[in-house]
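Residues per chain are reported as follows:
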Amino acid sequence: MKHPLSLPGAAILAISIVGALAIACSGGTGSGGTGSGADGYQAEIRRTSYGIPHIKADSMANLGFGEGYALAEDHLCSLVDVAVRARGERSMYFGRGERDRHFNSDVTMKALRMHERAAQELAEMDDVTRSWTEGYVAGANQYLEETGKENVAGWCRGEDWVQPISATDLVAYQRSVTTIIGNFASMIASAQPPTTEGETSAAMSKPAYEPEWPTFDQASNGWGIGKDLSAQGRGMLIANPHYPWLGANRFWEKHLTLEDGSADGELDIYGVGLVGIPGVAIGFNRAVGWTHTVSAGKRYTAYSLTLNPENATQYRYDDSWRDLEARSVSVQVKGVSGASDAVEHTVWMSHYGPVVNFPGVGWSPQMVLAVRDANEENEESRMQWLDMDRAKTMEEFQAAHKRWGGLPWVNTISASVDGEAWLIDSSSTPHLSDAAIDAWQTSLEANPIAQSFWSRGIVLLDGSNSMFEWQSADGARDPGVASFDQHPKVTRADYVFNANDSYWLNNSNALLEGYSPLMGGEETRRTLRTRMNDVVLNDRTPSGASGEDGKFTLDELSAAILNNRSLAAELLREQLVARCKRQPRVQLGATPTATGIAVDLSAACNVLDAWDGTYDLDSRGAVLFREWITQYEVADTLDAGSLFSVGFDSGDPINTPRDLKKDAVALERLAKAAQFMQSRDLALDVELGAVQYAERGGKRIPMHGGGGTYEGIANFVRNGGNSTTLEPKLDPSALEGSRRLTEKGYPVNSGSSFIMALEYQADGSPKAQAFLTYGQSGDPESEHFWDQTELYSKKEWRPILFEEAEIAADVQRSYVVTGER
């Protein structure tokens, strides 16, 4: 039940409802911690401006209850949807899906026994962790029971699949987020042994579509500033994860506090976590602040299995044959009539992991591939984040990484009240012997399949040779993964950063070397966005982002992450303009027998000449430059080729590649860009904010920022997908002649998400400001679906309220939620 304490400007309504559903659907009664009573949950929720919940309780069970309830108020649809997916029931409610998307997902969830393993994991949790998880689920179910599915906010209102979830559902969903293997669903479901004429496949359901390569497209920037570059002489932080603006991969903001004297210890943490994940994954307490970026290291390895010529379901392992396991699953599939029928399907498993139908490889009589996931046994992530949330010193924060080893696929960038900046890539990483690494690297020279896979960043090993088994490391979380001591890490007093390239360059003054290639590449090419990050942080000139004194204030650091400088423009714009002025006319389509079409570039030259190289709302020239540079390939931005004349130099990675290539291509592509814009009735000097936008709650909100790959902008925005939920999404296609422009412009629904700037002040207290760019609510009818999008558009940072006096002065709604266990 919910007891309002204060509702300024609104009537106070007392709601009383029996919470027995929480017991039935939470997977059991938690026994950890102390609560409001043995028979009930209770938590206080205070919502401040922009809908931010500050949740307080006397135990982890009750804190989970309050968090689950508040999350459901904002994102119940996404929470229930991911539970359906984790149970392998998407097809039951939505049919097979486009290209069998739902069916493949269900088959994979069931074949990997995601739900069964989650039930086991839940049973083996310590009492406090289990009660926290069960409390979270009970809170969400309490909200659903009180509200009813016909009245819930958002895109799932009234749907038959909107039902209470269980604690096992929640843990299964968390497992699906932690592991990588679910991204191979179409390859797993479609992997079937070859047949000869007259024989039938072992599969009982033949896939209708070719498998698709998995995509891992989350990105981020993270900056840790040490005492030497901080005006306050203490640590500072920029959190800037680049994540979707819809679906379950949205962040949700929260402030979680255990009351003084709680038997479950101390906790006072502010930050964000993904929808459906209890606790704070990115945030700060009074000792340390941190953020994460997706690691460039390897989370899995692929294995080539040499098959028995007489039996394509046996593979060689050293001197013997091993049988592949045929794992049968049953999936309920909704048909055109609306009724669901059971469809049987077989998935094949090796001792490494599932057999996968990689495009271009398939399953021949001679070979098939399998995949092993470094997070398959990772059950420690939630406890590591909780220990990080509780840390009272940087040393305790670092110890949490060493103790648990539970971070699945992210770097950690952090800064402390004492002024230390610390970075580590402790992501779950396969641990191979030196001999295996040498043999694999040798195979890249002779094995075309291994070469092809490595071009996609995939390590392909010989599954017939036990030398390529993952090795145990002292102190590692699980056998086969690297230990804390083997992971790259660095402490600095100036700065550390990461922008999704490898650990090698996280401060251009302190390169990290000597680690396993599975951790990431050394002396390798960097993206323009990575280079832009270092350019901003390493500039000590008076005109730099840190000002005349070379030390960042909170406002200077905040401005730096949103300066929208384009490194591509800084490297190329002046040279392009100079060349354009020397040759203002270009012949397009010229051949030895035809003169082609003459294009006058004078207007385009003038626009780029007047442009300052930024991607702000009023930037004139940004659209033209984007349409020009995106005619090149991504590879062209990384080394010498058709764009740059000076190639990458590992001895000068920030300043290379550079210089516009001296040929006709650049001007020809500028002419094409100008022609394209004119054909769409776009002025060559159109303001970026007139074309780039976010559609939120019926509003068209102009957006600044740009691409990291082509344009080299830290403040990364784009039109992205939604691979996590079935939330409806407008998905306009790019127009012919452009990579990104649609009929409506450049839509933005992904990229910079939770942006936080933090400093520890001279007295040691934290001060922070932020945007949650897409707002706190998933309901398009709520003002909190778009209010912070407008703030972000205007670069109007909102203060984070962490101290009790700040919170009390801004409470918009306060209520106590209770429920039976």
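Residues numbered from 1 in each chain as written. Predicted model: local features only at pLDDT ≥ 70, side-chain atom pairs only at ≥ 80, totals over all residues. Heavy atoms only, no water.

A. Up close: the overall build of the protein. Along its length, the protein carries 20 helices and 34 strands. Here the protein has a C-alpha radius of gyration of 27 Å; the compact-globule value for 821 residues is 28 Å, and the two agree. The principal-axis extent of the C-alpha atoms belonging to the protein is close to 85 × 75 × 55 Å. Across the 821 residues that make up the protein, the buried fraction comes to 60%. Sequence-distant contacts in the protein: of pairs separated by 6 or more residues, those separated by 24 or more amount to 70%. For the protein, the computed accessible surface area is about 30300 Å², with 47% contributed by carbon and sulfur atoms. Charge-centre separation for the protein: the mean point of 73 positive side chains lies 4 Å from the mean point of 111 negative side chains. (Helix = DSSP H or I, 4+ residues; strand = E, 2+ residues; numbered from the N terminus. Rg over C-alpha atoms; globule rule 2.2 N^0.38 Å. Buried < 20%, exposed > 50% of the residue type's maximum accessible area, 1.4 Å probe, protein only. Contact = heavy atoms within 4.5 Å. Areas by Shrake-Rupley, 256 points an atom, 1.4 Å probe, with all protein chains shown as cover. Lys, Arg positive; Asp, Glu negative; His and termini not counted. Charge placed at Lys NZ, Arg CZ, Asp CG, Glu CD.)

B. Focus on the state of the cysteines. Scanning the entire structure with this criterion turns up 2 disulfides. Put simply, C77 and C156 are joined by a disulfide, and their sulfur atoms are 2.1 Å apart. A torsion of -80 degrees about the S-S bond marks the disulfide between C77 and C156 as left-handed. Of this pair, C77 sits in helix α2 (residues 60-86) while C156 is found in the loop between α6 (127-147) and α7 (167-178), placing the two residues 79 residues apart along the sequence. Per residue, the accessibility class of C77 equals that of C156, and both read buried. (Disulfide = S-S within 2.5 Å.)

C. Representation of the packing of helix α15 (residues 567-582) against helix α17 (residues 622-629) within the structure. Put simply, α15 and α17 touch, their axes get as near as 12 Å, and they point 90 degrees apart. Here α15 is positioned roughly perpendicular relative to α17, judged by the angle of their axes. Contacts from A568, A569, L572, R573 and L576 in α15 reach F625, W628 and I629 in α17. Its residues placed into classes, the contact of α15 with α17 shows 7 nonpolar, no polar and 1 charged. (Axes fitted to C-alpha atoms, helices over the stretch in contact; angles between N-to-C directions. Parallel < 35°, antiparallel > 145°, perpendicular 65-115°, else oblique. Nonpolar A, V, L, I, M, F, W, Y, C, P; charged D, E, K, R; others polar.)

D. Quick peek at the packing of α17 against helix α18 (residues 665-679). It is the contact of α17 with α18, at a shortest axis distance of 8 Å, that shows an interaxial angle of 125 degrees. Relative to α18, the element α17 lies oblique. For the pair α17 and α18, the sense of crossing is right-handed. Of α18, the residues touching α17 (which contributes V623, L624, E627 and W628) are A666, R669, L670, A673, A674, F676 and M677. Taken together, the residues that form the contact of α17 with α18 break down as 9 nonpolar, no polar and 2 charged. (Left-handed = near helix turned anticlockwise from the far one by under 90°.)

E. Representation of helix α9 (residues 381-390) in the model. Along α9, 8 of the 10 residues are buried, which leaves the element largely enclosed by surrounding structure. For α9, the set of buried residues is S381, R382, M383, Q384, W385, L386, M388 and D389.

F. Region of interest: the packing of aromatic side chains. Taken as a whole and assessed by the stated rule, the structure comprises 25 aromatic pairs. Directly above the ring of F716 sits R529, whose terminal nitrogen or CZ lies 6.0 Å from the centroid. Positioned above the aromatic ring of Y632 is the side chain of R669, whose terminal nitrogen or guanidinium carbon lies 4.4 Å from the ring centre. (Phe/Tyr/Trp six-rings, centres within 6.5 Å; stacked < 30°, edge-to-face > 60°. Lys NZ or Arg CZ within 6 Å of the ring centre and 35° of its normal.)

G. Fine view of the environment of P653. On the secondary structure map, P653 appears in the loop between β24 (644-646) and β25 (658-660). Since its relative accessible area comes to 9%, P653 is described here as buried. Along the chain, P653 and E396 lie 257 residues apart, while their C-alpha atoms are 34 Å from each other. Dropping the residues within four chain positions of it, P653 is found in contact with W504, L505, R531 and F648.

H. Broad picture of the nonpolar core. With 203 residues, the main nonpolar core has F358, W628 and M756 as its most contacted residues. Counting residues per element, this core draws most heavily on α2, which supplies 16 residues. Discounting residues that sit within four places of it in the chain, W628 has contacts with L572, L576, L643, L660, A666, R669, L670 and A673. Core analysis: the second largest hydrophobic core is formed by 29 residues, W348, V355, F468 and A473 among them. (Core = buried A, V, L, I, M, F, W, Y, C linked by side-chain atoms within 4.5 Å.)

I. Fine view of the pairing of strand β21 (residues 495-498). The alternating pattern of β21 places Y495 and F497 on one face and V496 and N498 on the opposite face, and all of these are buried. Looking at chain direction, strand β4 (residues 219-225) and β21 are connected through 4 bridges and run antiparallel. In the sheet register, W223 faces β21, and the bridge partner there is F497. (Pairing = 2+ DSSP bridges.)

J. Examining the sheet that holds strand β27 (residues 699-702) more closely. If you trace the 3 strands from one edge of the open sheet to the other, you get β27-β26-β29, paired in mixed fashion. The open sheet has two edge strands, β27 and β29 (746-747), and neither has a second partner. Inspection of the sheet shows strand β26 (residues 692-696) paired to β29 by 2 bridges, in the parallel sense. Note on β29: the bridge partner recorded for Q692 is Y746.

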